[in-house]
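Letter by letter, the chains look like this.
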Amino acid sequence: MADAQLPGYAELHALSHFSFQRGASSPAELVERAHDLGYQALAITDACSMAGAVRAHQAAQARGLHLLLGVEVRVATPSIGGGFTLVLLARNRGAYGRLCERITAWRSHGLQTAQRNTPHSLDELPCHTDWHDPQDWPESPLCWADMLALLVPWRHLNHCTHPLGTPPEQTSAHLEWVRTRFPGRTWLAVELQDHWDDATWLQQMQGLGRSQGVPLVAAGNVHMHVRSRKPLQDVMTAIRLGRPVQECGFALQANAQCHLRARSRLAQIYPAALLEESVRVAQLCSFSLAELRYEYPQEVVPAHHTASSYLAEQVWAGAHRRYPRGIPEGVIQQLNKELALIAELAYEKYFLTVYDIVVYARSQNILCQGRGSAANSAVCYCLGITEVDPARGNNLFERFISRERHEPPDIDVDFEHQRREDVIQYLYQKFGRHRAALAAAVNTYHPRSAIRDVGKALGFAPEVIDTLAKNHQWWDGEQLQTTCFEQLGLAPHSRQVQLLLDLTQQLIGFPRHLSQHSGGFVLTGDALTQTVPVIPAAMAGRTTIEWDKDDIDALGLLKVDVLALGM
């Protein structure tokens, strides 16, 4: 059947490798594959996270694919046993903001109720919720407005003990609970992946849909963009469980069907109505990250000033302090030029924010000094942020801010490391934790960490893994030379060794976990939690967003760098 004759399809349930140790493909790989297969849309629904949203957005813009953003969250129902998976999709900007706030609340509440006996990384915070917990699931309709909900019943041994999945009476109760929070916006997701009971499961879901008056929709529970990633996905499961693949049993996916499948194949598996319903659901969602608009905090501008007037006032006051015998004519010209460009690009509040931090630090006798390209700015010098006198050199302001580059300024300020935490806490106190947080740092797999995790998952002896990881002479860039295995008494062309080589190479560059940026603060005028989820950091008293420096730059968000000076 030609593609034009096939039902349309939009994948509404897909996890990227930002669902750590679960997804086996990057957001970009998923977007590109969905586009190549002729999908109408793709939803990235990582587990209680928006960490991969920006990268998916960039790829979707480049390919012209309709991208939906949402999350997957697991809901425990201990009062009746079992539970279910809920996929939430944002229809518009308001729904996206509310969803980010719910992720923030879920991650924070999950940390409070979890065991605190071992250190955690940001991606390991609990993502399971309880349907009777009002902190997890407020009854207020405003919390869930304009979100779409797909209920995914649990199937098979890794989720429930019933031979045909969650019993119908439990799913009926689950549906009723979801419908009370998402009236008229609830679907029953049918995920068919070549299991022996697919036909029976489909009939059961159709019966439930008719009896409950809930529409059915096709979904894929996607964990990888192509089926050839299945070995890596198995390794990811083994890494998550902390045991070799051969001991993971039913925790492994039964087959390789959790990938983006061809539309012709989907047409053989699903009734056409369920595929067409996926497109109708996607058409209800219009939100794009391109709608995000950044606003700087207003607190840095006094009530009787505009941002431009206050910045100019402080710059000229600082210039008179710097040059008590008179401001050189060249400096006057440079300051006028810089202030005009800063106003044209609307960066006044950024400079005032950095200025506010420096003023606070010096009022507390905390040593600090700006560095980097900001040293080319006469404005930064007159504000006391940097110490490079523009009258004594040939500064190139265009290296710092350029109209043509469309890049935000980046002022790095070092604070004495013993007291930097005082400055960090000042920012939290001044702007509130709902409007201030550190940027994330995406820690990726490098050759050593990849060989260790893959080697353990494949059951290699600990001493072999340790030797391979430690010997630099066996590495050629990011490739592991096969001759090293001969020295360890292993056949370099054996199936096990080839798997180790292939899977290690695939894993290199994957995100391993999120941590906090060394000092990059994102500050907003409105609630930051409506732009990106804010989650607790491993260090007490700190919070971080889920996006790193590249993500922030891609969306035009500005950050203030509060760095440490060890000298």
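Residues numbered from 1 in each chain as written. Predicted model: local features only at pLDDT ≥ 70, side-chain atom pairs only at ≥ 80, totals over all residues. Heavy atoms only, no water.

1. A closer look at the overall build of the protein
Counted only if it meets this: Labels follow the DSSP assignment, with helices taken as runs of H or I lasting at least four residues and strands as runs of E lasting at least two, numbered in each case from the N terminus. Each residue's exposure class comes from its accessible area (1.4 Å probe, protein chains only) as a fraction of the maximum for that residue type: buried when under 20%, exposed when over 50%, partly exposed otherwise. Should any heavy atoms of two residues lie within 4.5 Å, those residues are counted as being in contact. Accessibility throughout is a Shrake-Rupley quantity obtained with a 1.4 Å probe, and a residue counts as covered only by protein chains that appear here. Note on charges: Lys and Arg go in the positive column, Asp and Glu in the negative column, and His and the chain ends are not counted at all. We put the charge of a Lys on NZ, of an Arg on CZ, of an Asp on CG and of a Glu on CD.
Scanning the protein from terminus to terminus reveals 18 helices and 17 strands. Among the 567 residues that make up the protein, the fraction classed as buried is 57%. Looking at the protein alone, contacts between residues at least 24 apart form 78% of all its contacts between residues at least 6 apart. Accessible area of the protein: about 23,700 Å², with a carbon and sulfur share of 50%. Of the side-chain charges in the protein, 51 are positive and 59 negative, and the distance between the mean point of each set is 1 Å.

2. Focus on empty space enclosed by the protein
Threshold: A 1.4 Å probe that fits into a set of points on a 1 Å grid over the protein atoms alone but cannot get out defines a cavity; an open set with protein on both sides within 12 Å along at least five of seven lines defines a pocket, and lining residues are those with an atom within 4 Å of a point. Grid points are joined across faces, edges and corners, and a volume is the space filled by probe spheres set on the points.
According to the stated counting rule, one finds two cavities of 30 Å³ or more in the structure shown. Surrounding the second largest cavity, Tyr-9, Glu-11, Tyr-39, Gly-220, Val-222, His-259, Leu-260, Arg-261 and Leu-266 form its lining.

3. Side note on the pattern of salt bridges
Note the cut-off: A side-chain nitrogen of Lys or Arg and a carboxyl oxygen of Asp or Glu constitute a salt bridge if their distance falls within 4 Å.
This structure, assessed with the given rule, holds 24 salt bridges. Note that Asp-36 is salt-bridged to Arg-63, the shortest N-O span being 3.0 Å. Note that Asp-36 is positioned in helix α1 (residues 27–36) and Arg-63 in helix α2 (residues 53–63), a separation of 27 residues in sequence. Here Arg-63 falls in the partly exposed class, since its relative accessible area comes to 32%. In this structure, Asp-234 and Lys-230 form a salt bridge, with 2.7 Å as the shortest nitrogen-oxygen distance. Here Lys-230 and Asp-234 lie together in helix α6 (residues 230–241), a separation of four residues that amounts to about one turn. Classification of Lys-230 as buried rests on a relative accessible area of 11%. Among the charged side chains, a salt-bridge network with shared partners connects Arg-55, Asp-548 and Asp-551.

4. Focus on α1
To keep it simple, the criterion reads: Relevant arc is that of directions from the helix axis to the C-beta atoms, nothing else.
Those residues of α1 that sit buried are Pro-27, Leu-30, Val-31 and Ala-34. In an axial view of α1, the angular spread of the buried residues amounts to 95 degrees, which keeps them on one side of the axis. Looking at the buried side of α1, the elements it contacts are β2 (41–44) and α2. Gly-38, located one to two residues past α1, shows a positive phi value of around 80 degrees.

5. Topic: the nonpolar core
Applicable threshold: Residues grouped as a nonpolar core are buried Ala, Val, Leu, Ile, Met, Phe, Trp, Tyr and Cys residues, joined through side-chain atoms within 4.5 Å.
One finds Leu-86, Phe-351 and Trp-547 to be the most contacted residues of the largest nonpolar core, which totals 128 residues. Sorting elements by how many residues they give to this core places helix α11 (residues 348–363) first, with nine residues. Formed by 29 residues, the second largest nonpolar core is a distinct cluster that contains Ala-238, Phe-460, Val-464 and Leu-499.

6. Describing the state of the cysteines
Selection rule: Disulfide: a pair of cysteine sulfur atoms within 2.5 Å of each other.
In this structure the tally under the stated criterion is zero disulfides. The structure places no disulfide on Cys-368, whose sulfur is separated from the nearest cysteine sulfur, that of Cys-380, by 12 Å.

7. A few points about the side chain of Thr-171
Its location among the elements puts Thr-171 in helix α4 (residues 168–181). Relative accessible area serves as the criterion here: at 0%, Thr-171 is assigned to the buried category. Those residues in contact with Thr-171, other than ones at most four positions away along the chain, are Leu-151, Pro-153, Thr-166, Leu-188 and Leu-208.

8. Regarding the packing of α6 against helix α17 (residues 495–507)
Put simply, the test is: Each axis is a line fitted through C-alpha atoms, taken for helices only over the stretch in contact, and angles between the N-to-C directions span 0 to 180 degrees. Angles are sorted into four bins: roughly parallel if under 35 degrees, roughly antiparallel if over 145, roughly perpendicular if 65 to 115, and oblique for all others. Each residue receives one of three labels: charged for Asp, Glu, Lys and Arg, nonpolar for Ala, Val, Leu, Ile, Met, Phe, Trp, Tyr, Cys and Pro, and polar for the others, Gly being one of them.
Between α6 and α17, the shortest axis-to-axis distance is 10 Å and the interhelical angle comes to 80 degrees. Judged by the angle between their axes, α6 and α17 are roughly perpendicular. Taking contact as the criterion, the partners of Pro-231, Leu-232, Val-235, Met-236 and Ile-239 in α6 are, on α17, Leu-503, Gln-506 and Leu-507. Among the residues making up the contact of α6 with α17, the classes are represented as seven nonpolar, one polar and no charged.

9. Digging into the layout of surface pockets
Computed from the structure, the second largest pocket encloses a volume of approximately 420 Å³. Forming the walls of the second largest pocket are 21 residues, and the residues nearest its centre are Tyr-294, Ala-346, Tyr-347, Gly-556 and Leu-558.

10. Overview of the environment of Leu-42
Note on placement: Leu-42 falls in strand β2. In sequence terms Leu-42 and Val-31 are eleven residues apart; their C-alpha atoms lie 7.0 Å from each other. When near neighbours in sequence (up to four residues on either side) are disregarded, Leu-42 contacts Glu-11, Ala-14, Leu-30, Val-31, Ala-34, Leu-65, His-66, Leu-67, Leu-68 and Leu-260.

11. Here's the deal with the confidence of the model for the protein
Do not read the fine detail of predicted coordinates wherever pLDDT is low. Here is the rule: Every residue gets a pLDDT, meaning the predictor's confidence in that residue, from 0 to 100.
Averaged over all residues, the pLDDT of the protein is 88; the fraction at 70 or higher stands at 91%. Counting contacts from residues 157–164, a segment whose pLDDT is below 50, to residues more than four positions away or on other chains yields 17 contacts.

12. Concerning the packing of aromatic side chains
Here is the rule: Centre distance within 6.5 Å is the pairing criterion for rings of Phe, Tyr and Trp, where only the six-membered ring of Trp is used; planes under 30 degrees apart are then read as stacked, over 60 as edge-to-face, and the remainder as tilted.
Overall, the coordinates contain 16 aromatic pairs when judged by the stated rule. Centre to centre, the rings of Tyr-428 and Phe-521 are 5.3 Å apart; their planes meet at 70 degrees, and the pair counts as edge-to-face. Taken as a pair, Tyr-428 in helix α13 (residues 420–431) and Phe-521 in strand β14 (residues 511–523) lie far apart in primary sequence, 93 residues in all. Residue classification places Phe-521 among the buried residues on the basis of a relative accessible area of 0%.

13. Describing the pairing of strand β9 (residues 368–371)
For clarity, the cut-off: A pair of strands is treated as paired once DSSP finds two or more bridges between them.
Burial of the side chains of β9 is restricted to one face: Cys-368 and Gly-370 are buried, whereas none of Gln-369 and Arg-371 on the reverse face is. Note: β9 against strand β10 (residues 412–416), four bridges, orientation antiparallel. Its bridge partner being in β10, Gly-370 is matched across the sheet by Val-413.

14. Describing the pairing of strand β1 (residues 10–14)
Selection criterion: Classification remark: right-handed applies to a crossover when, strands pointing away from the viewer, the course from the first strand over the helix to the second runs clockwise.
β1 sits mainly inside the fold: five of its five residues count as buried. Both β1 and β2 contribute to a ladder of three bridges, which runs parallel. Counted as the bridge partner of Ala-10 is Ala-41 from β2. Tracing the backbone out of β1, into α1 and back to the parallel element β2 gives a crossover that is right-handed.

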